[in-house]
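Understanding the architecture of this molecule
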Amino acid sequence: MQEQKASLGMLSPALDHFVELTDHFAAGLFHCYDVPDLPRTNNDLEHCFGVACAHERLATGRRSALPGVA
């Protein structure tokens, strides 16, 4: 990305900002590449919460989950 910075024109400051932020958070940002079997997204975890909320709604007959559940 840095090599193509000259061709970005007005987007060049956005690239600078992106690089600055990723450098700042780089130590903890990409654990999924360092730890084997660590999923790259939390979609599975979000799915578990969604299923639990759906089951809770079905069991109680409520339209939304209880505030402490989700």
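Residues numbered from 1 in each chain as written. Predicted model: local features only at pLDDT ≥ 70, side-chain atom pairs only at ≥ 80, totals over all residues. Heavy atoms only, no water.

Our focus in this paragraph is the overall build of the chain. Within the chain, the regular secondary structure consists of 2 helices and 0 strands. Computed over the C-alpha atoms, the radius of gyration of the chain is 20 Å, more than 25% above the 11 Å expected from 2.2 N^0.38 for a compact globule of 70 residues. By its C-alpha atoms, the chain is 60 × 30 × 20 Å across when sized along the principal axes. Buried positions account for 11% of the 70 residues belonging to the chain. Accessible area of the chain: about 6,200 Å², with a carbon and sulfur share of 60%. Side chains of the chain carry 5 positive and 9 negative charges; the gap between the two charge centres is 17 Å. (Helix = DSSP H or I, 4+ residues; strand = E, 2+ residues; numbered from the N terminus. Rg over C-alpha atoms; globule rule 2.2 N^0.38 Å. Buried < 20%, exposed > 50% of the residue type's maximum accessible area, 1.4 Å probe, protein only. Areas by Shrake-Rupley, 256 points an atom, 1.4 Å probe, with all protein chains shown as cover. Lys, Arg positive; Asp, Glu negative; His and termini not counted. Charge placed at Lys NZ, Arg CZ, Asp CG, Glu CD.)

Bending of helix α1 (residues 12-29) peaks at approximately 40° at the position of Asp23. Of all the residues in α1, the buried ones are Ser12, Leu15, Val19 and Thr22. (Bend = angle between axes of the 7 residues up to and from the residue.)

Let us now look at helix α2 (residues 43-60). Because an α-helix completes one turn every 3.6 residues, residues spaced three or four positions apart along the sequence face the same direction. With 18 residues, α2 extends 26 Å between its outermost C-alpha atoms, agreeing within 8% with the 26 Å of an ideal straight helix rising 1.5 Å per residue. Trailing α2 by a residue or two, Gly61 shows a phi angle of about 80°, which is positive. (Expected span 1.5 Å × (residues − 1).)

Right, let's get into the pattern of salt bridges. Tallied over the entire structure, the rule returns 1 salt bridge. In this structure, Lys5 and Asp16 form a salt bridge, with 2.7 Å as the shortest nitrogen-oxygen distance. Separated by 11 residues along the polypeptide, Lys5 in the segment before α1 and Asp16 in helix α1 bring together distant segments of the chain. Its relative accessible area of 33% is what places Asp16 among the partly exposed residues. (Salt bridge = Lys/Arg side-chain N within 4 Å of Asp/Glu carboxyl O.)

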